[in-house]
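The chain contents come next:
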Amino acid sequence: MYFNVFGEKISRARYREMLAAAKTRRELIAAGLTSRRDLLKMGLLTAGGMLVAKSGLSARAFGQSSTGGSNNLCIPSQQAASPPTRAFVDPLPIMPTATPVGSLNPTPTLAPNTGAGESRTRNHQLFNRFFPGSILYNVTQHAINVRQSPDLPVQTIWAFDDGVHATSPGPTYVNHYGSPVLVRNHNALPPVNQNGGFGIPSVSTHLHNGHTPSESDGFPCDFFEIGHFYDQQYPNVLAGFNSDHISTNGDINESLSTLWYHDHRVDFTSQNTYKGLLGFYLLFNQFDTGDEHTGFRLPSFPQYDVPLVFADKVYDPNDGLLAFDLFNLDGILGDKFLVNGKIQPFFQVKPRRYRFRLLDTGPSRFYEFFLTDLNNLSAINPFWVIANDGNLLPAPVQVQSVRIGVAERVDIIIDFSKFAGKSIYLENRLNQINGQGPVIGQECGLPEILAAGQGNLLMRFDVSSTFVDDDSEEPDEQTFYQLPSTNATPRITRTFKFDRLNGQWSINGQFMDCNDIRVHVQPNSSEHWILTNATGDWTHPVHIHLEEHQILTRNRMPPPLAVERSRKDVVQLHPNERVELFFRFRDWTGRYPLHCHNVIHEDHAMMLRWEVDPNGGDNTLVP
């Protein structure tokens, strides 16, 4: 008898070994192992930095490679399959809009209110300019019980609670440029001995893609503990408002739209986000209005503008509870696909245009999204990409598919009118078998794409046969913002090599250290950052906080994909690739990180601290 596990036929004996291995790792986690540092202390890492290749512990016990090597050396051979679940049983949940409050007690202050339990360590920047009139939110992070599939037991996960809604993914913040926000986050998570085997009740909430002051950014080392709170100020202003190269109102061409928030605690981002600490943050303005009758006339929010959170997870084959493998240092792939917190939901739509905001929350999977008609597998079903990460493109781009890595977003327009009365599926056809990234085809050197219907059916759209009004603009008639110029002469060009040091993840041969400032950037300056991938067959989604970038070149050539000719905050660094980025640093000073957003990699030290230094930048070419 054979079992099918992650596409492999596994013997009964091997499957029992997988179950025993998973049990061993869970027991070690329950015993208090919580990070890479613990593994080092207990001698569970080799001299080369790899997990000890012991059956029942390491996914590499059946084939090691200290440099990456072939994908088939990293198949999750010790990860047992989740229990079976039915698809398209639950409707797609829609995250509620976050509810503001009239006041906060105690009232927020310029300096950290440590006497009242605040854990902030630095004063708010421009507090007297932005706090008066701010929209206020009072949010508590705590455990909740949810059902993610009718075929699995109730799960205890972690959530954001705005006082009205306690959900994971958390409530969606819906705000507008010119309306500053202050969020007070409280930590009411359960202690470690009640965490269900993973997650740490120590948090730092990051507004991903936010043009945000350092003390409110959610820097990984600005974490706070149970019983404390942290005030985070989100001015919702255009980049350049406080610089010397643009008007005092900032640059409209740097408008953001689709952001998200998540826990970013150093060493524990993967566990805490996997546990549920994430959500959307949307920004509108006078052009991207949320009303299809005004501005750019994009589909109206929230009826026809729908955020989608994608996550892949693993459930214990014995008890059906959510499981996290601390001992997988390469990257975790799940065999269950959740959208907005439900496994493979369905969504009833009208035969008209919709805007969907697609977010990959990882921990390690890349997606290539296709529309698939299971009754006509040969059909090509194009759609439009209108935004990459948080940014509208100069104009919509029609595509047959779109690929994103962890933390990337794309906004797409799907016209369901041609599918009236039918069902169509959102399918991931990218072949990926482990944390290295997409499988690279030997013949063409490109990621392998599976045939229609052979990938992961993520969700089903059930299209009504009753037509309704659609006042949104045809995508092929739209234009959005212009790209800001990249012609400024860089003050300095820096190089960052993403590599493995003794088998562990590193940048320029060093691990993350909260106290080590690797780069000092000069305010109101432009720089070029060169990212190089020295990790063999691995792909890294690289994220830089505070400022967005534009991709100047991939391997010294302009980016080949039209959807990458945009502003971005995450760049996919492909195997053996060199990517050159343009940055302009403005408005805020202080500490920020650069890191791989395969959250397993960042937790195992593929991160560095850099700062915008008001005293002037350095001239370090290789930090």
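Scroll up to find the structure.
What counts as what
- Residues numbered from 1 in each chain as written.
- Predicted model: local features only at pLDDT ≥ 70, side-chain atom pairs only at ≥ 80, totals over all residues.
- Heavy atoms only, no water.
- Helix = DSSP H or I, 4+ residues; strand = E, 2+ residues; numbered from the N terminus.
- Areas by Shrake-Rupley, 256 points an atom, 1.4 Å probe, with all protein chains shown as cover.
- Salt bridge = Lys/Arg side-chain N within 4 Å of Asp/Glu carboxyl O.
- Buried < 20%, exposed > 50% of the residue type's maximum accessible area, 1.4 Å probe, protein only.
- Core = buried A, V, L, I, M, F, W, Y, C linked by side-chain atoms within 4.5 Å.
- Contact = heavy atoms within 4.5 Å.
- Pairing = 2+ DSSP bridges.
- Axes fitted to C-alpha atoms, helices over the stretch in contact; angles between N-to-C directions.
- Polar contact = N/O pair within 3.5 Å; in protein donor to acceptor, adjacent residues only side chain to side chain.

Visitor: Tell me about the overall build of the protein, and please be specific about residues and values.
Guide: Across its full length, the protein holds five helices and 37 strands. For the protein, the exposed surface amounts to about 22,200 Å²; the carbon and sulfur share of it is 50%.

Visitor: Explain the pattern of salt bridges residue by residue, including any values.
Guide: In the structure shown here, the tally under the stated rule is 37 salt bridges. Put simply, Arg-365 and Asp-312 hold a salt bridge, and the shortest N to O gap is 3.1 Å. One end of the pair, Arg-365, is in the loop between strand E19 (353–360) and strand E20 (367–372); the other, Asp-312, is in strand E14 (residues 305–315), and 53 residues separate them in sequence. By relative accessible area, which is 5% here, Arg-365 ends up buried. Between Glu-577 and Arg-554 there is a salt bridge; the shortest N-O distance is 2.8 Å. In this pair, Glu-577 is assigned in the loop between strand E34 (570–573) and strand E35 (578–585) and Arg-554 in strand E32 (residues 549–554), connecting sequence segments 23 residues apart. The buried category is assigned to Glu-577, whose relative accessible area is 7%. Classification of Arg-554 as buried rests on a relative accessible area of 7%. By sharing partners, the salt bridges in this structure join Asp-288, Asp-305, Arg-355, Arg-357 and Asp-411 into a single network.

Visitor: I'd like a description of the nonpolar core, backed by residues and values.
Guide: Membership of the largest hydrophobic core comes to 34 residues, with the highest contact counts inside it found for Leu-308, Phe-310, Phe-347, Phe-356, Phe-369, Phe-416 and Phe-461. No other element matches strand E26 (residues 456–463), which puts four residues into this core. Aside from chain neighbours lying at most four places away, what touches Leu-308 is Leu-92, Phe-280, Val-339, Asn-340, Phe-356, Arg-357, Leu-358, Leu-359 and Met-459. Counting residues in hydrophobic clusters, the runner-up holds 30 residues, among them Phe-496, Val-519, Ile-551 and Leu-581.

Visitor: Account for the environment of Arg-565, with residues named and values stated.
Guide: Mapping Arg-565 onto the fold places it in the loop between E32 and strand E33 (567–568). Look past the residues within four positions of Arg-565 in its chain and what remains in contact with it is Pro-394, Leu-483, Pro-559 and Pro-560.

Visitor: Could you give an account of the sheet that holds strand E29 (residues 517–521), naming the residues involved and the relevant values?
Guide: With mixed pairing, the five strands of this open sheet are ordered in space as E29-E37-E36-E31-E34. Of all the strands in the sheet, just E29 and E34 have a single pairing partner and so form its edges. The average undirected angle you get between the axes of adjacent strands in this sheet is 25°. Alignment of strand E31 (residues 540–544) against strand E36 (residues 590–596), held across three bridges, turns out to be antiparallel. If you follow His-543 over to E36, its bridge partner there is His-595.

Visitor: Can you lay out the side chain of Glu-118 for me, pointing to particular residues and giving the numbers?
Guide: Take Glu-118: it is sitting in the loop between helix H2 (36–41) and helix H3 (127–130). For Glu-118, the side chain forms a polar contact with the side chain of Arg-120, separated by 2.7 Å. Of the polar contacts made by the side chain of Glu-118, one reaches the backbone nitrogen of Asp-231; its length is 3.2 Å. Filtering out sequence-adjacent residues up to four positions away, Glu-118 remains in contact with Ala-111, Pro-112, Asn-113, Phe-229, Tyr-230 and Asp-231.

Visitor: Describe the environment of Ser-401, with residues and values.
Guide: Mapped onto the secondary structure, Ser-401 falls in the loop between strand E22 (391–399) and strand E23 (402–404). A distance of 2.6 Å separates the side chain of Ser-401 from the side chain of Glu-368, its partner in a polar contact.

Visitor: Account for the sheet that holds strand E7 (residues 181–187), with residues named and values stated.
Guide: Taking strand neighbours across the sheet as the criterion, the five strands line up as E5-E4-E3-E7-E11 in an open arrangement whose pairing is mixed. Strands with a single pairing partner mark the edges of an open sheet, and in this sheet they are strand E5 (166–167) and strand E11 (229–234). Where strand E3 (residues 135–146) and strand E4 (residues 155–161) come together, seven bridges link them in antiparallel fashion. Residue pairing across strands places Gln-141 opposite Phe-160, the latter belonging to E4.

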